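One letter stands for each residue in the lines below.
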Amino acid sequence: MPVPLRHILVSVGLLTSAACGKKGVHAGETSHTCDDVEAAMRRIDVERTKDMKPGRLAEICVKKSAEYTQARIECVVASKTYDDLKACKDPSKAPLQPAAGATAALEWIDVPTLGVKLNVPGNVTIDQGRSAFLSNGTFKMNLFKVDESSLKSAAEVKASLQKEPGFVKFTKDEPGDKAWHFDYELDGGRAGTSARIDVGQLLDCGVHGLALDVVAAVSTACASAKAI
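About the cut-offs
- Residues numbered from 1 in each chain as written.
- Predicted model: local features only at pLDDT ≥ 70, side-chain atom pairs only at ≥ 80, totals over all residues.
- Heavy atoms only, no water.
- Buried < 20%, exposed > 50% of the residue type's maximum accessible area, 1.4 Å probe, protein only.
- Helix = DSSP H or I, 4+ residues; strand = E, 2+ residues; numbered from the N terminus.
- Arc of directions from axis to C-beta.
- Polar contact = N/O pair within 3.5 Å; in protein donor to acceptor, adjacent residues only side chain to side chain.
- Salt bridge = Lys/Arg side-chain N within 4 Å of Asp/Glu carboxyl O.
- Pairing = 2+ DSSP bridges.
- Axes fitted to C-alpha atoms, helices over the stretch in contact; angles between N-to-C directions.
- Contact = heavy atoms within 4.5 Å.
- Core = buried A, V, L, I, M, F, W, Y, C linked by side-chain atoms within 4.5 Å.
- Disulfide = S-S within 2.5 Å.

Some words on helix α2 (residues 34-44)
Alright, step 1. Of the positions making up α2, those classed as buried are Cys34, Val37, Glu38, Ala40, Met41 and Ile44. Burial along α2 is one-sided: seen end-on, the buried residues are contained in an arc of 165°.
Alright, step 2. Where α2 begins, the side chain of Thr33 points an oxygen toward the backbone nitrogen of Asp35, at a separation of 3.1 Å.

Next up, the structure:
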């Protein structure tokens, strides 16, 4: 059952300062109001707001105004997604900033024990054996030989990923009979990638639960794989 929107408003801090007044009017040409908060909420969450009477969200905003600042109003108005709204209350929930180490100074690196070379940051260290872990502290990649314990099909992999805690959606969906590639978004600004690659032998390549830009770099690196 959907959570009542009035509860969401309170929990994510979409409510504003006492300066709102009856209609949420603030001094200053660029200041937004509780009416603007209502418009933002209706834009972002169409489904749960469609049956609410006009002005109801602005009323809630004004009622709770003593708890919130003008800066929070501006944050809400600038928001594009529900996750943005959460960050208006708790900045620690803002999307992670890009990490330069993810793509810096790419080089072709051999992983001899797995018979593969990949285009990855040249400063990675490689812990290799039957599997391999490549990392420079920011960029992180796992490589595994496909064996009897590995998932057997793209459909199985896709179903397994959809069960991961916090799964939101696939951003790359490329199934195949022998090889495949899935990128997926998790909540909290995290993501993952999972690819079955064929370099003369089958390997699983990917990472889970890292920042979006790091995962994008790993996904590209997995796709670059070639036999040594």
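Let us keep going from here.
Re the pattern of salt bridges
Alright, step 1. Per the stated rule, a full pass over the model turns up 10 salt bridges.
Alright, step 2. Residue Lys50 is joined to Glu47 by a salt bridge in which the shortest nitrogen-to-oxygen separation is 2.9 Å.

A look at the sheet that holds strand β4 (residues 131-135)
Alright, step 1. Pairing in this open sheet of seven strands is antiparallel, and the strands run β3-β4-β5-β9-β8-β7-β6 from one edge to the other. Each having just a single partner strand, β3 (125-128) and β6 (167-174) make up the two edges of the open sheet. Shown here is a sheet whose adjacent strand axes are inclined to one another by a mean of 15°, direction ignored.
Alright, step 2. With respect to the sheet, helix α7 (residues 154-162) is in contact with β6, β7 (180-186) and β8 (190-198), its orientation differing from that of β7 by roughly 10°.
Alright, step 3. With respect to the sheet, helix α8 (residues 212-223) is in contact with β5 (140-145), β6, β7, β8 and β9 (202-211), its orientation differing from that of β9 by roughly 170°.

Some words on the side chain of Glu38
Alright, step 1. Within the secondary structure, Glu38 sits in helix α2.
Alright, step 2. Glu38 sits in the buried class, given a relative accessible area of 8%.

Quick word on the nonpolar core
Alright, step 1. The biggest cluster of nonpolar side chains holds 29 residues, and the ones touching the most others in it are Val116, Val120, Met141 and Leu143.
Alright, step 2. For this core, the secondary structure elements donating two or more residues are β1 (106-111), β2 (116-121), β4, β5, β8, β9 and α8.
Alright, step 3. Examining the composition of this core, we find that six residues originate from one element, α8, more than from any other.
Alright, step 4. Residue contacts for Leu143: discarding those within four places in its chain leaves Val111, Leu114, Val116, Leu118, Ser131, Ala132, Leu134, Ile197, Asp204 and Cys205.
Alright, step 5. Residues Ala40, Ile44, Ile60 and Leu85 belong to the second largest nonpolar core, which totals 16 residues.

Here's the deal with the state of the cysteines
By definition, a disulfide links two cysteine residues through a covalent bond between their sulfur atoms.
Alright, step 1. If you walk through the whole model with that rule in mind, you get two disulfides.
Alright, step 2. In this model Cys34 forms its disulfide with Cys61; the gap between the sulfur atoms is 2.2 Å. Classification of the bridge connecting Cys34 and Cys61 rests on its S-S torsion, roughly -65°, and on that basis the disulfide is left-handed. In this pair, Cys34 is assigned in helix α2 and Cys61 in helix α4 (residues 56-63), connecting sequence segments 27 residues apart. In this structure, Cys34 and Cys61 share a single accessibility class: buried.
Alright, step 3. Each sulfur of the disulfide joining Cys205 and Cys222 lies 2.0 Å from the other. Taking the sign of the S-S torsion, -80° for the link of Cys205 and Cys222, the bridge is left-handed. Here the residue Cys205 occupies a position in strand β9, and Cys222 occupies one in helix α8, the gap between them amounting to 17 residues.
Alright, step 4. Judged by relative accessible area, Cys205 falls into the buried class, the value being 3%.

The values reported here are purely geometric and, on their own, carry no functional implication.
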